[in-house]
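Structure assessment
Chain residues, written in single-letter form:
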Amino acid sequence: MVREKSKGRSPEGESTDAGHRGGTARSSDETPVMGVERRGCVVQGYLLINQEWEESVSIVKPYEISKKLVWEAWKRIKANKGASGVDSQTIQDFEEDLKNNLYKIWNRMSSGSYFPPPVRRVEIPKDGGGRRPLGIPTVADRVAQMVVLMMFEPEVEPIFHQDSYGYRAGKSAVDAVETARKRCWSYDWVIDLDIRGFFDNIDHELMMKAVRKHAKCKWMQLYIERWLKAPVQLEDGTLQYRDKGTPQGGVISPLLANLFLHYAFDAWMVRTFPESPFERYADDVVVHCKTREKAVQVKDSIEKRLAECKLVMHPEKTKIVYCKDSSRKGNYPDICFDFLGFSFRPRKSMGKRGLIFTGYLPAISNKAIKRIGNTVRSWKLRRWVGCNIVELATALNPVIRGWLNYYSHFYKRACYRIAMILDLALVRWAMRKFRKMGSYHKSTAYVKRLRSQQPELFHHWQLTVFSH
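Bear in mind that the values here come from a model prediction, so they are computed numbers and not experimental data. (Residues numbered from 1 in each chain as written. Predicted model: local features only at pLDDT ≥ 70, side-chain atom pairs only at ≥ 80, totals over all residues. Heavy atoms only, no water.)

1. Looking at a positive patch on the surface
A surface patch of like charges, here positive, comprises Lys370, Arg377, Lys380, Arg382, Arg383, Arg428, Arg432 and Arg435. Of all the elements in the fold, those that place two or more residues in the positive patch are α10 (366-379) and α12 (416-433). You can see Lys380 is positioned in the loop between α10 and α11 (389-407). For Lys380, a relative accessible area of 41% corresponds to the partly exposed category. (Patch = residues over 30% accessible without salt bridge, like charges linked within 9 Å, V, L, I, M, F, W, Y side chains within 5 Å. Areas by Shrake-Rupley, 256 points an atom, 1.4 Å probe, with all protein chains shown as cover. Salt bridge = Lys/Arg side-chain N within 4 Å of Asp/Glu carboxyl O. Lys, Arg positive; Asp, Glu negative; His and termini not counted. Charge placed at Lys NZ, Arg CZ, Asp CG, Glu CD. Helix = DSSP H or I, 4+ residues; strand = E, 2+ residues; numbered from the N terminus. Buried < 20%, exposed > 50% of the residue type's maximum accessible area, 1.4 Å probe, protein only.)

What follows is the structure in structure tokens.
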């Protein structure tokens, strides 16, 4: 195996002294994040890939990175799958020469000579209109990012606020919605906060200030800074160089986003407004207040704080909402807000003693219903005439199960709308599949009869009776 030769000179003036650590001890979470940088960090370990990747002990590298760490990173990237980057290399292509590809990543990262390639930009539709840019790194770059993520995440995870829910082990969007639901009962007002283009506007200088505070290893700081500065390749092939932002879609981007907002928002809120709890999932934020006057004060202060961190509060999408229910009967223009696919608003509910009352509750949002409807239409089930009903159920049930497992957590009856969308698609499939059946009404009767005979065939049939 031909191995790459590491250069004798360290990149970008970085020290090659891997055995020395210096600098000040880590300060508390609230202190300024700029401090003396720590030098070299040794990560020990050994690895054999298919009994062929042998550990080399004779080569001295500026940064000793475990081959086992690279192997574990690859396994995670393979499990997550994902699209190809600017080099068009897929997971399968990368695996064809796995030993050499992983060695190349390890060798370059260990020598400090790893430079990320451009990130491929794609755009996907947003729920409210417009398009959201996503950055797709190459497979090799995703492996390299995962190496740093696996080392950096344990360093910063303990400092994160308990009400930060996005991309964290043991926390989920359902947890965030459940906490918001309970707090809406105790707090009359909510600030529905929207940050304009958050991922595209993260300030690199402030970001690296936080990274240097917590990244023990010099090579982690080095590569994170390079990923922040890596250019974006647009759909027409031109390169766009960046001086701010982190690509939404990068492996390490969610962790960096959480770290940035920990200092820009979470820790600041705890210091400034400890009486106003919040839930944050990445850049989706809900803040609770006792009075409208307090909500206005907190909103204005948050806007100034975000400006200090070079972010912008969206003036149209950010709003103050009144949590109206049976015991809170004030008249205000905004009594509804969306959070993580759920709409919070006054809804009819039944108490423990069978009494009907109006509660302030979450249920699947209209935007989520519209998105699901668009997805079902994109399947074009009428063209699946070559499949029988069992094959159809096998293909669709994993997606249906995912939708219902999430959205049926709160106000389950609202999920009947999902069932109606799916039932209608099945009727149209039956009309095309069995042309002799003829009309819409005969196809509806066929699907209804099938449901009564095999109620567990489709996952949504266990939710509601057939509605057509």
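What follows picks up the thread again.
2. Considerations on the packing of helix α1 (residues 67-80) against helix α3 (residues 98-111)
In a packed pair of helices, the relevant descriptors are the angle between the two axes and the axis-to-axis distance. It is at 10 Å that the axes of α1 and α3 come closest, and there the two elements cross at 120°. As the angle between them shows, α1 and α3 are arranged oblique. In the packing of α1 onto α3, the handedness of the crossing is right-handed. In this structure, α1 uses Lys67, Val70, Trp71 and Trp74 to contact α3, whose residues at the interface are Leu98, Leu102, Tyr103 and Trp106. A class-by-class count of the residues in the contact of α1 with α3 yields seven nonpolar, no polar and one charged. (Axes fitted to C-alpha atoms, helices over the stretch in contact; angles between N-to-C directions. Parallel < 35°, antiparallel > 145°, perpendicular 65-115°, else oblique. Left-handed = near helix turned anticlockwise from the far one by under 90°. Contact = heavy atoms within 4.5 Å. Nonpolar A, V, L, I, M, F, W, Y, C, P; charged D, E, K, R; others polar.)

3. Quick notes on the packing of aromatic side chains
The tally for this structure, following the rule as stated, stands at 22 aromatic pairs. Their ring planes at 75° and their centres at 6.0 Å tell us that Tyr114 and Tyr223 sit as a pair that is edge-to-face. You can see Tyr114 sitting in the loop between α3 and β1 (119-125) and its partner Tyr223 sitting in helix α7 (residues 218-229), a full 109 residues away along the chain. Relative to Tyr281, the ring of Tyr167 lies with its centre 5.8 Å away and its plane at 50°, an arrangement referred to as tilted. With a gap of 114 residues between them, Tyr167 in the loop between α4 (139-156) and α5 (173-186) and Tyr281 in strand β6 (residues 278-281) connect regions that are remote in the sequence. Ring-pair connections join several aromatic residues into one group, and the members of that group are Phe342, Tyr406, Tyr407 and Phe410. When the ring centre of Tyr411 is taken as reference, the NZ or CZ atom of Arg347 above it lies at 5.4 Å. (Phe/Tyr/Trp six-rings, centres within 6.5 Å; stacked < 30°, edge-to-face > 60°. Lys NZ or Arg CZ within 6 Å of the ring centre and 35° of its normal.)

4. A short note on the pattern of salt bridges
Per the stated rule, a full pass over the model turns up 16 salt bridges. Its salt-bridge partner being Lys182, residue Glu178 comes within 3.4 Å of it at the nearest N-O pair. Highlighted residues: Glu178 and Lys182, both in helix α5, separated by four residues, approximately one helical turn. A residue is classified by how much of its surface remains accessible, and Lys182, at 45% relative accessible area, is partly exposed. Linking Arg183 and Glu279 is a salt bridge whose minimum nitrogen-to-oxygen distance equals 2.7 Å. Taken together, the positions of Arg183 in helix α5 and Glu279 in strand β6 put the pair 96 residues apart, joining distant regions of the chain.

5. Side note on the pairing of strand β3 (residues 189-194)
Each regular strand displays side chains that alternate between the two surfaces of the sheet. Judged by how many residues are buried, β3 sits mostly within the fold: five of six residues are covered. Across six bridges, the pairing between β3 and strand β7 (residues 284-289) is antiparallel. Residue pairing in the sheet places Ile191 in a bridge with Val287 of β7. Where β3 and strand β8 (residues 319-322) come together, four bridges link them in antiparallel fashion. (Pairing = 2+ DSSP bridges.)

6. Digging into unusual backbone geometry
Phi is positive for Leu340, close to 55°, though the residue is something other than glycine. Examined against the element boundaries, Leu340 turns out to sit in the loop between β9 (337-339) and β10 (342-350). Overall, the relative accessible area of 16% leaves Leu340 in the buried class. Notably, Tyr411 is not glycine yet its phi reads approximately 50°, a positive angle. Within the element layout of this structure, Tyr411 appears in the loop between α11 and α12.

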